[in-house]
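Descriptive structure summary
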Amino acid sequence: QVQLVESGGGLVQAGGSLRLSCAASGRTFTRYGMGWFRQAPGKEREFVAGIVWSGGTYYADSTKGRFTISRDNAKNTVYLQMNSLKPEDTAVYYCAVSKDPFISRIDFTSIGSWGQGTQVTVSS
């Protein structure tokens, strides 16, 4: 059974940084896409960043240039480094893994499992 456990959320001032981690277990994730999504109060969940099996990365326009996604396959862990945080980045951040290997892009239709989420709050 696949399990994803996020950590690293918290309260930070605008302009600050946080690094989220997502530890995966239940199988080897080297060939799978992984991503970060977020959901703010009263809003729909949205894509933040994704990384595929080849190491290719892509980002939402709102996070490009400020956030960096990476993965450590030896540790089955994916990270999200968030810099220059803004109050509008406040949300619950969710880690996700694709249901199929070797996908070219991770999005809502390709998700196999979700983590439980970690809260990120950015104060102004």
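In the block above lies the structure referred to throughout.
Every chain begins its residue count from 1, and numbering advances along the sequence as written. Local features in this predicted model are restricted to residues of pLDDT 70 or higher, and side-chain atom pairs are both shown and tallied only at a pLDDT of 80 or more, whereas totals for entire chains, interfaces and linings draw on every residue. Only hydrogens and water are removed before side-chain values are computed, so all heavy atoms of the structure are retained for them.

Some details on the nonpolar core
We count it as follows: Nonpolar cores were defined as sets of buried Ala, Val, Leu, Ile, Met, Phe, Trp, Tyr and Cys residues, with membership established by side-chain atoms within 4.5 Å. A 1.4 Å probe rolled over the protein chains alone gives each residue an accessible area, and that area as a share of the maximum for its type sets the label: buried under 20%, exposed over 50%, partly exposed in between. Numbering goes from the N terminus for both helices and strands, where a helix is a DSSP run of H or I of at least four residues and a strand is a run of E of at least two. Residues are treated as being in contact if the distance between any of their heavy atoms lies within 4.5 Å.
Grouped together as the largest cluster of nonpolar side chains are 27 residues, with contacts concentrated most on Met34, Trp36, Ile69, Val78, Leu80, Met82 and Tyr93. Elements represented by at least two residues in this core include exactly strand 3 (18-25), strand 4 (32-39), strand 5 (46-51), strand 7 (67-72), strand 8 (77-82), strand 9 (91-101) and strand 11 (118-123). Look past the residues within four positions of Val78 in its chain and what remains in contact with it is Leu20, Ser21, Cys22, Met34, Trp36, Ile51, Ile69, Ser70, Arg71 and Cys95. Counting 9 residues, the second-largest nonpolar core is a separate cluster that includes Phe47, Val52, Tyr58 and Ile106.

Points about the side chain of Ser21
As for its placement among the helices and strands, Ser21 is situated in strand 3. You can call Ser21 buried: its relative accessible area is 16%. In this view, Ser21 contacts Val5, Glu6, Ser7, Trp36, Thr77, Val78 and Tyr79; residues no more than four positions away in its chain are not counted.

Examining the packing of aromatic side chains
What counts here: Only centres within 6.5 Å qualify two rings of Phe, Tyr or Trp (six-membered ring in Trp) as a pair; their planes then separate them into stacked at under 30 degrees, edge-to-face at over 60, and tilted for everything else.
The full count for this structure, using the stated rule, is 8 aromatic pairs. Ring geometry for Phe29 against Tyr32: centres 6.4 Å apart, planes inclined by 65°, an arrangement best described as edge-to-face. Grouping residues by exposure puts Phe29 and Tyr32 together as buried. Ring geometry for Phe47 against Tyr58: centres 5.4 Å apart, planes inclined by 15°, an arrangement best described as stacked. Within this pair, whereas Phe47 is found in strand 5, its partner Tyr58 is found in strand 6 (residues 57-59), the two being separated by 11 residues in sequence.

Focus on the sheet that holds strand 3
Adjacent strands of a sheet pair through backbone hydrogen bonds, lying either parallel or antiparallel. Heads up, the rule is: When DSSP finds two or more bridges between two strands, those strands count as paired. A fitted line through C-alpha atoms represents every axis, and for helices the fit uses only the stretch in contact; the resulting angles, taken between N-to-C directions, go from 0 to 180 degrees.
Reading across from one edge, 1-3-8-7 is the order of the 4 strands in this open sheet, with antiparallel pairing throughout. Here the strands that pair on one side only, and so sit at the sheet edges, are strand 1 (3-7) and strand 7. When the angles between neighbouring strand axes are averaged without regard to direction, this sheet yields 15°. Judged from the 6 bridges that link them, strand 7 and strand 8 form a sheet pairing that is antiparallel. Along strand 8, the bridge assignment pairs Thr68 with Gln81.

Regarding the side chain of Thr63
The topology assignment puts Thr63 in the loop between strand 6 and strand 7. Apart from the residues within four sequence positions on either side, Thr63 is in contact with Arg38 and Val48.

Quick notes on the pattern of salt bridges
Put simply, the rule is: The term salt bridge refers to a pairing of a side-chain nitrogen on Lys or Arg with a carboxyl oxygen on Asp or Glu at a separation within 4 Å.
Summed over the entire model, instances satisfying the criterion amount to 4 salt bridges. We note a salt bridge from Asp89 to Arg38, for which the minimum N-O separation is 2.9 Å. Taken together, the residues span a long stretch of sequence, with Asp89 in the loop between strand 8 and strand 9 and Arg38 in strand 4 at a distance of 51 residues. Across the salt bridge formed by Asp89 and Arg66, the nearest N and O atoms sit 2.7 Å from each other. A residue pair is termed long-range when its members are at least 10 positions apart, and Asp89 in the loop between strand 8 and strand 9 and Arg66 in the loop between strand 6 and strand 7 qualify at 23 residues. Of the two residues, Asp89 and Arg66, neither departs from the other in class, the shared state being buried. Several salt bridges converge on common partners, so that one network encompasses Arg38, Glu46, Arg66 and Asp89.

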